[in-house]
Amino acid sequence: MARSKQPATARAGTTVPSAETVDIAQLVEDLDAMLTRLRLGAIREQLDALLEEAARRELNLREALAWLCAAEVASKEQRRLSMAMTIAHFPFVRTLEGFEFEAQPSIDPSKIRDLATCRWVANGDNVVLLGPPGVGKTHLEVALGREVVARGYTVQFTTAMELLGSLVKGQQQGTLDLRLAQYSKPKLLIIDELGYLPLEPQAGHLFFQLISRRYEQGSVLISSNRPVEEWDEVFGDQVVAAAILDRLLHHSHVVTIRGDSYRLREKRRSGLFRPQAGGSSSSGSGVKPPPPAKEV
Ligand code: ADP
Ligand code: MG
């Protein structure tokens, strides 16, 4: 007997079919299609295992339904999370659990834990991470960014060079407004590595436009190897730098990291590199490759 390909629910119209009159065997046959139509992929894929577990635990119908829904909700949340992490464009995976606070005593762990609650993002505040290369600025940006994603906010990670390069290009091509709008969209914009490389002359003005647009709307998490007093040099313009800092620092949390590069510390531990006289690494344009250890 040829059966219609249309699922039983569609044939039944908008009224709930009565259990006496409906063909239950047909409904069961259509179950897969109905679950697909309702976008309940996790229930569809794990149906047998979920039902077996429900039977093993002797769940009643309501409990079993709740159990199935919970599986679907967990799967959808997992997908949302992994999608949001992809969209955020983090350069690597780093977590707060993986951050050794003992290695960087200038950081107050309770301050970072407080930032991990993401209240600052809810309030539209900014975070400024300052410190020399290798002390964990990008690590903390990614780790905090992941916490913000987990709370359901949109996040975008970029570098100062990439961001300003894009805005300069936008200005040249007449698409500046579009690009400013794009960078204003995420609830949190992470801007890594401000101050490492020289900026184009108009970069300060463009950066100011972006910070003004985001001001008190969305949060910025920015890291720099240069103290804020040197940002007029970074932007090549004292007035613009002051205007940027005025908005950026108005509602902000500044974390200043002092100390040795974690990268070089690891190398030192393995005996590849000897500490320089004076200990702390200084700010500069990047970490020089450590010289090989000499035999004495
Ligand atoms: P920065 O951005 O300040 O130059 P990074 O965050 O890139 O430094 O850190 C360099 C490397 O060292 C990264 O792989 C990072 O995960 C690691 N790292 C830095 N500080 C710590 C720390 N306190 N605990 C664990 N790993 C660290
Ligand atoms: Mg970095």
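Nothing here was measured: the structure is a model prediction, and the numbers come from that model.

Undergrad: Whenever I open this one, the packing of helix 4 (residues 61–88) against helix 7 (residues 137–150) confuses me. Can you help?
TA: Think of two packed helices as two axes; the pair is described by the angle between the axes and how far apart they sit. In contact at an axis separation of 10 Å, helix 4 and helix 7 are set at 135 degrees when each is read in the N-to-C sense. Comparing their axes, helix 7 and helix 4 come out oblique. The interaxial crossing formed by helix 4 with helix 7 has right-handed handedness. Across the interface between the two elements, Arg 80, Leu 81, Ala 84, Met 85 and Ala 88 of helix 4 pack against Arg 146, Val 149 and Ala 150 of helix 7. Here the contact of helix 4 with helix 7 is composed, by residue class, of six nonpolar, no polar and two charged.

Undergrad: What is the right way to read the packing of aromatic side chains from this model?
TA: We describe a pair of aromatic rings using the distance from one ring centre to the other and the angle between the two ring planes. Following the criterion strictly, the structure yields four aromatic pairs and no others. Ring centres of Trp 231 and Phe 235 lie 6.3 Å apart, and the angle between their planes is 70 degrees; on these two criteria the pair is classed as edge-to-face. Of the two residues, Trp 231 and Phe 235 both sit in helix 11 (residues 231–235), four residues apart, roughly one turn of that helix. With respect to burial, Trp 231 and Phe 235 carry one shared label: buried. In textbook terms, an aromatic cluster arises when at least three aromatic residues are bridged by ring pairs, as seen for Phe 207, Trp 231 and Phe 235. Taking the ring centre of Phe 92 as reference, the NZ or CZ of Arg 94 above it sits at 4.0 Å. Lying across the ring of Phe 101, Arg 113 places its NZ or CZ 5.9 Å from the centre.

How each quantity is defined
- Residues numbered from 1 in each chain as written.
- Chains lettered and ligands numbered in written order.
- Predicted model: local features only at pLDDT ≥ 70, side-chain atom pairs only at ≥ 80, totals over all residues.
- Heavy atoms only, no water.
- Axes fitted to C-alpha atoms, helices over the stretch in contact; angles between N-to-C directions.
- Helix = DSSP H or I, 4+ residues; strand = E, 2+ residues; numbered from the N terminus.
- Parallel < 35°, antiparallel > 145°, perpendicular 65-115°, else oblique.
- Left-handed = near helix turned anticlockwise from the far one by under 90°.
- Contact = heavy atoms within 4.5 Å.
- Nonpolar A, V, L, I, M, F, W, Y, C, P; charged D, E, K, R; others polar.
- Phe/Tyr/Trp six-rings, centres within 6.5 Å; stacked < 30°, edge-to-face > 60°.
- Buried < 20%, exposed > 50% of the residue type's maximum accessible area, 1.4 Å probe, protein only.
- Lys NZ or Arg CZ within 6 Å of the ring centre and 35° of its normal.

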